[in-house]
Amino acid sequence: MSYAELSITTNFTFLTGASHPHEYMVRAVELGLSAVAVTDTNSFAGIVRAHAAAKELGLKFIVGVRLVLQDGPDILALPKTRDAYARICRLLTTGKRRTTKGQCELYLKDVMEWSEGSVLIISGPLKGQVRRLIKSHKDEIYLGMSPAYDGRDPVHFAARAKLAKDYGLPITALGDVIMHKGARRRLADILSCIRERTTIDHLGRLALPNSERRLKS
């Protein structure tokens, strides 16, 4: 059975991703993954270096982005064509023009307007007018499911499966990856400290409970 990781956050998602794009590509080959998608938050910034490394290594690379919305769940958008990629670029430009530099303000209506030709994976809780998005995309939208290895995964998976059935969505597996190897866990926590403006002693539940958000086979 092959596996493609479709949810990778690199260091181009500032103060979140704990690994460089090329490190993920090298590790993906070591693990025997069939393909990978870099999905940084509201940005395609990490895909250039990732694509260059993947091409050199002979790894199938999928262009992607994580859309963080004001009124809906996080959505991974994977454009299938150049035209679809151009539309997602226009979507991101729209969101960046609405707010201050370095920020991006997006809404579900923007995704519905600009995501034609892209596969969409809902990675966050289903909220807002998401049924309209599901109806408009039909066979190109999935519900993502990722393990946390926190002792509550069976309950979480059962709830996620029920949502998928209620909304008529197929499920796809995600790793919700923020580091290429578990050894980067401490660095990931330090990045969280800087982002949250706190110390490691006061990071509390924002600290990673384990090293499971690494790239896996």
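Figured I'd write up the structure that's included with this text.

What counts, and where the lines are drawn
- Residues numbered from 1 in each chain as written.
- Predicted model: local features only at pLDDT ≥ 70, side-chain atom pairs only at ≥ 80, totals over all residues.
- Heavy atoms only, no water.
- Helix = DSSP H or I, 4+ residues; strand = E, 2+ residues; numbered from the N terminus.
- Buried < 20%, exposed > 50% of the residue type's maximum accessible area, 1.4 Å probe, protein only.
- Patch = residues over 30% accessible without salt bridge, like charges linked within 9 Å, V, L, I, M, F, W, Y side chains within 5 Å.
- Areas by Shrake-Rupley, 256 points an atom, 1.4 Å probe, with all protein chains shown as cover.
- Salt bridge = Lys/Arg side-chain N within 4 Å of Asp/Glu carboxyl O.

You can see threonine 93 is positioned in helix H3 (residues 82-97). You can call threonine 93 partly exposed: its relative accessible area is 31%. Sequence separation of threonine 93 and cysteine 104 is 11 residues, and the distance between their C-alpha atoms is 8.3 Å.

On the surface, a nonpolar cluster with roughly 210 Å² of combined accessible area is contributed by Val26, Val29 and Leu57. Mapped onto the secondary structure, leucine 57 falls in helix H2 (residues 47-57). With a relative accessible area of 37%, leucine 57 lands in the partly exposed category.

Here the focus is the pattern of salt bridges. Under the definition given, this model contains 13 salt bridges. A salt bridge links glutamate 30 to arginine 27; the shortest N-O distance between them is 3.1 Å. Of this pair, glutamate 30 and arginine 27 both sit in helix H1 (residues 21-31), 3 residues apart, which is roughly one turn of the helix. With relative accessibility at 23%, the residue arginine 27 sits in the partly exposed group. With a shortest N-O distance of 3.3 Å, glutamate 196 and arginine 195 are connected by a salt bridge. Residue arginine 195 is classed as partly exposed on the basis of its relative accessible area of 34%.

Remember that the coordinates give geometry; whether it matters functionally is a separate question.
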